[in-house]
Amino acid sequence: MPELPEVETIVRDLRAHLEGQLIESCELLFPTMVRHPEPALFAAELKGRTIEKVSRRGKYIWIHLDGGDMLVVHLGMSGRVLLSAPELARPNHTHAVFLLGDGKELRYSDPRRFGRLLLGTERELVEAGKMPTLGPEPLAADFRVADLRRSLSGRRAPVKALLLDQRVVAGIGNIYVDESCFRARVRPDRAAGSLSRASVERLHEALGYCLRLGIANRGSSIADYVDAWGAKGSQQESLQVYGRAGQPCFECGRPLARIVLSSRTTVFCSR
């Protein structure tokens, strides 16, 4: 699933090309990808709207429109948002096409169909149960060590389970939790409330480092992820533990351990 670095990469690609553009039309080839409002109303409401800003919140792409609404895109497991010339063939599983004022198409595809398209204000979407209330952004200047410590304090749940909870910290998934825990020298299955102050400080630093590195390398193209131009990222070449179960730890040389936490494969160094 695309996580914060992958979504941020796409948002930065889209921003320069979408802001100020008019949405001429919306063609829904697989209407059930629209979760709010009804697909026909969704398409009708988008026609003629101007894109004012493109931003990210957690793993969500927020396309801000005139009038205060947002076109919200969640990529699920295999979703892609691509800018394309209309004469180019549409890939299989293209589910929605937005024709822009400059003649380009913004295409949304999702072979596994776990993603979703939404239209409305943040408040409307949260109240309708279509979007969760998200926790703090881990790269925001106001996300401090003390904030992370409060979220973990007194909790018996494993560190990884809490970091995957989008209400605790927004945007982090399996890849960057494993990578951050490894960098911080924190076992992902450890009870969150048992971490020392020093461990929380290391974890806070590691989250920022791993996420920024992922953005710098334009995301991890392990399975389906590509940027807004269809190009792969390179962060997968820098991963220390994710996807490397049984292989030697880069630090100590011992085979990396594999367990399942919160229904997710988890890789770490037991040493």
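To be clear, the structure that these remarks concern was listed above.
Bear in mind the structure is a predicted one, so any value in this text is a computation, not a measurement.

## So, the overall build of the protein chain
Okay, step 1: Scanning the protein chain for helices and strands turns up 7 helices and 11 strands.
Okay, step 2: Relative to its length of 271 residues, the protein chain is compact, with a C-alpha radius of gyration of 20 Å against a globular reference of 18 Å.
Okay, step 3: Seen through its C-alpha atoms, the protein chain measures out along the principal axes to roughly 55 × 35 × 30 Å.
Okay, step 4: In the protein chain, buried positions account for 51% of the 271 residues.
Okay, step 5: Looking at the protein chain alone, contacts between residues at least 24 apart form 63% of all its contacts between residues at least 6 apart.
Okay, step 6: Of the roughly 12,400 Å² of accessible surface on the protein chain, 48% is carried by carbon and sulfur atoms.
Okay, step 7: Once the 39 positive and 32 negative side-chain charges of the protein chain are each reduced to a mean point, those two points are 9 Å apart.

## Some words on the sheet that holds strand E5 (residues 70-74)
Okay, step 1: The strand order across the open sheet formed by 5 strands is E2-E9-E5-E4-E3, and the pairing between neighbours is mixed. Edge strands, defined here as strands with exactly one partner in the open sheet, are strand E2 (34-36) and strand E3 (51-57). For this sheet, the mean inter-axis angle between neighbouring strands, taken without regard to orientation, is 20°.
Okay, step 2: As paired strands, E5 and strand E9 (residues 116-120) are joined by 5 bridges and run antiparallel to one another. Within E9, the residue paired with Leu-71 across the bridge is Leu-119.
Okay, step 3: Sheet strands touched by helix H1 (residues 4-18): E3 and strand E4 (60-65). Its angle to E3, the strand with the most contacts, is close to 170°.

## What to know about the side chain of Asp-69
Okay, step 1: Relative to the helices and strands, Asp-69 is located in the loop between E4 and E5.
Okay, step 2: The class of Asp-69 is buried, set by a relative accessible area of 17%.
Okay, step 3: Here the side chain of Asp-69 touches Arg-49 through a polar contact of 3.5 Å, side chain to side chain.
Okay, step 4: When near neighbours in sequence (up to four residues on either side) are disregarded, Asp-69 contacts Arg-49, Ile-63, His-64, Leu-119, Gly-120 and Thr-121.

## Focus: the packing of aromatic side chains
Okay, step 1: Summed over all chains, the structure comprises 0 aromatic pairs.
Okay, step 2: A cation sits over an aromatic face here: Arg-183 above Tyr-209, 3.6 Å from the ring centre.
Okay, step 3: The side chain of Arg-244 reaches across the aromatic face of Phe-250, ending 3.9 Å from its centre.

Reading the values: the criteria
Residues numbered from 1 in each chain as written. Predicted model: local features only at pLDDT ≥ 70, side-chain atom pairs only at ≥ 80, totals over all residues. Heavy atoms only, no water. Helix = DSSP H or I, 4+ residues; strand = E, 2+ residues; numbered from the N terminus. Rg over C-alpha atoms; globule rule 2.2 N^0.38 Å. Buried < 20%, exposed > 50% of the residue type's maximum accessible area, 1.4 Å probe, protein only. Contact = heavy atoms within 4.5 Å. Areas by Shrake-Rupley, 256 points an atom, 1.4 Å probe, with all protein chains shown as cover. Lys, Arg positive; Asp, Glu negative; His and termini not counted. Charge placed at Lys NZ, Arg CZ, Asp CG, Glu CD. Pairing = 2+ DSSP bridges. Axes fitted to C-alpha atoms, helices over the stretch in contact; angles between N-to-C directions. Polar contact = N/O pair within 3.5 Å; in protein donor to acceptor, adjacent residues only side chain to side chain. Phe/Tyr/Trp six-rings, centres within 6.5 Å; stacked < 30°, edge-to-face > 60°. Lys NZ or Arg CZ within 6 Å of the ring centre and 35° of its normal.

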